[in-house]
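Residue strings, one per chain:
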Amino acid sequence: MLVVNVRKQLFGAEGDFSLTTDLEIPKGGITAVAGPSGSGKTTFLRILAGLTSPEEGFLQVDGRVWFQGRDGRRPRINLKPQQRRAGFVFQGYALFPHMSVMQNLLYAANDRDMAEKLMEMTGLGNLRDVKPAQLSGGQKQRVALARSLMQQPELLLLDEPLSALDETMKSVLQDELLKIHRELGITILIVTHDSSEIFKLCDRVLLFEKGRVVADKTPRELFVERATTQKFAFKGEILELKSFDAIHTAVVAIGNNLVEVVIDSHERGSLRIGDKVVIGTKAFNPTIRRFEHHDFDFSRL
Ligand SMILES: Nc1ncnc2c1ncn2[C@@H]1O[C@H](COP(=O)(O)OP(=O)(O)OP(=O)(O)O)[C@@H](O)[C@H]1O
């Protein structure tokens, strides 16, 4: 069990705010840390890793206190990062360029058996003597992941580890992460903005806004709160409304795609160009309705 009850003052671009958490995270799960840029996600992970100190609070992992602010006669405890058994993978790979894959792993912990095991698990077996410059992005990220596991952490902290990779490589590494999680039973926290990644990997999502956790739910609860018969629903924006005889259509931009949806005369009267709408299906036909406040807005991730 992870108990994170901390506070830290942050100096944001749009003014100061405080990162405040009061969380319990059970052992062995994969938790997504999501939220808009600047909401405190990286700082939250850095506090867990011991790379940033909170002003006050309490952080305990599996019964061991990692941080405790001074409070009355209670002494301050602040374990150094190397005392915390937390592995950390940042967005950049931060590998040592002059060292081979094997040497990069051994630098973290001088344990050749563990290095072999992790290289095997992450598909790096035949790249052990290769230097980072010769590796692809996905391979570098695998090395970073394997290296973060060398000290057998209890907690693995991943800060957008897959965001720079293409969709195919991302999917392969997500599968590897699930395999590692299954085999090592480690608790993982992963910063990600990718809803499909959250669905695939995580059993829980912490949604941060301005330093606070504004939602703490399963991916299903967060994204599909509105119970409907719709098989899918995408948020879009109306670019054009067309009428030809008695047929009306709306051209809707969904990401980089344009979709033309047939609408009825009532919708033709009420919808406007620029409206935010939700495209769904009913009996296999696309349907359109105005975006409402209780729809999950994926731009908040
Ligand atoms: N040690 C610190 N002391 C005070 N303020 C900080 C500290 N570290 C970061 N901040 C500020 O806190 C805010 C949140 O930063 P953070 O990197 O945690 O956000 P984030 O949610 O990870 O953003 P992004 O998704 O863009 O990476 C930023 O405005 C940053 O400047």
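Residues numbered from 1 in each chain as written. Predicted model: local features only at pLDDT ≥ 70, side-chain atom pairs only at ≥ 80, totals over all residues. Heavy atoms only, no water.

Visitor: Report on empty space enclosed by the protein, specifying residues and quantitative values.
Guide: Here the structure, examined in full by the defined rule, presents two cavities of 30 Å³ or more. Computed from the structure, the largest cavity encloses a volume of approximately 50 Å³. Together, V89, Q141, L145, L158, P161, L162, L173 and L177 line the largest cavity. Taken together, the elements giving at least two residues each to the lining of the largest cavity come down to α4 (137-148) and α5 (167-184). Of the residues that constitute the lining of the largest cavity, the class distribution is seven nonpolar, one polar and no charged. Here the second largest cavity is characterised by a volume of approximately 40 Å³. Lining the second largest cavity we find M1, L2, I25, K27, V61, D62, E154, L155 and T187. Across the lining of the second largest cavity, the residue classes break down as five nonpolar, one polar and three charged. (1 Å grid on protein atoms, 1.4 Å probe; cavity = no way out; pocket = protein on both sides within 12 Å on 5 of 7 lines; lining within 4 Å. Points joined across faces, edges and corners; volume = space filled by probe spheres on them. Helix = DSSP H or I, 4+ residues; strand = E, 2+ residues; numbered from the N terminus. Nonpolar A, V, L, I, M, F, W, Y, C, P; charged D, E, K, R; others polar.)

Visitor: Please give an account of the domain arrangement of the protein chain that cites residues and values.
Guide: What the domain assignment lists for the protein chain is domain 1 (2-223) and domain 2 (233-300). Look at where the C-alpha atoms of domain 1 and domain 2 centre, and you get two points 39 Å apart. (Domains from an automatic or database assignment.)

Visitor: For the layout of surface pockets, give the residues involved together with the corresponding values.
Guide: In this approach, a probe sized like a water molecule rolls over the atoms, and the result shows the empty space that is left. Within this model, the second largest pocket holds a volume of roughly 630 Å³. Looking at the lining of the second largest pocket, the elements with two or more residues in it are β8 (86-89), α2 (101-108) and α4. The element best represented in the lining of the second largest pocket is β8, accounting for four residues.

Visitor: Mind laying out α5, listing which residues take part and the relevant values?
Guide: Given a rise of 1.5 Å per residue, 18 residues ought to cover 26 Å, and the 25 Å separating the end C-alpha atoms of α5 matches this to within 8%. All of the buried residues along α5 are K170, L173, Q174, E176, L177, I180 and H181. Here the buried residues of α5 occupy an arc of 165° about the axis, which is enough to place them on one side. Of the residues in α5, the exposed ones pointing more than 90 degrees away from the buried face are T168, R182 and E183. Looking at the packing, one finds that the buried side of α5 touches β4 (30-34), α3 (112-121), α4, β9 (155-159), β10 (187-191) and α6 (195-201). At the N-terminal boundary of α5, the capping side chain belongs to D166, with an oxygen 3.1 Å from the backbone nitrogen of T168. Count one or two residues on from α5 and you reach G185, which has phi positive near 60°. (Expected span 1.5 Å × (residues − 1). Buried < 20%, exposed > 50% of the residue type's maximum accessible area, 1.4 Å probe, protein only. Arc of directions from axis to C-beta. Contact = heavy atoms within 4.5 Å. Polar contact = N/O pair within 3.5 Å; in protein donor to acceptor, adjacent residues only side chain to side chain.)

Visitor: Account for the side chain of E197, naming residues and giving values.
Guide: Relative to the helices and strands, E197 resides in helix α6. Summary of buried charges: E197 has no salt-bridge partner, and the nearest side chain of opposite charge, K170, is 5.0 Å away. Excluding anything up to four places from it in sequence, E197 contacts L162, K170, Q174, I190, T192 and C202. (Lys, Arg positive; Asp, Glu negative; His and termini not counted. Salt bridge = Lys/Arg side-chain N within 4 Å of Asp/Glu carboxyl O.)

Visitor: Requested: an account of the site of the ligand, with residues and values cited.
Guide: Near the ligand there are 15 residues, and of these S37, G38, K41, T42 and T43 occur at the shortest range. At 3.0 Å, a backbone N or O of F11 approaches a nitrogen atom of the ligand. One nitrogen or oxygen atom from the main chain of G40 is found 3.0 Å from an oxygen atom belonging to the ligand. Protein contacts shield 67% of the accessible area of the ligand, which totals 640 Å² for the unbound molecule. Every element with two or more residues in the shell around the ligand is listed here: β1 (2-12) and α1 (41-49). (Near = heavy atom within 4 Å. Areas by Shrake-Rupley, 256 points an atom, 1.4 Å probe, with all protein chains shown as cover.)

Visitor: Please give an account of the side chain of T21 that cites residues and values.
Guide: Within the secondary structure layout, T21 lies in the loop between β2 (15-20) and β3 (23-25). Here the side chain of T21 touches V4 through a polar contact of 3.2 Å, landing on its backbone oxygen. Apart from residues no more than four positions distant in its own chain, T21 is found in contact with V4, N5, V6, F44 and F208.

Visitor: Quick one: what's the story with the pattern of salt bridges, residue by residue and with numbers?
Guide: Under the counting rule described, the total for this entry stands at 14 salt bridges. Among the ionic pairs, E116 bridges to R128, the shortest N-O distance being 2.5 Å. Here R128 lies in the loop between α3 and α4 and E116 lies in helix α3, a separation of twelve residues in the sequence. For E116, a relative accessible area of 31% corresponds to the partly exposed category. With a relative accessible area of 26%, R128 lands in the partly exposed category. A salt bridge links D275 to R290, with the nearest nitrogen and oxygen atoms 2.5 Å apart. Taken together, the residues D275 in the loop between α8 (265-270) and β16 (276-282) and R290 in strand β17 (residues 285-290) connect sequence positions 15 residues apart.

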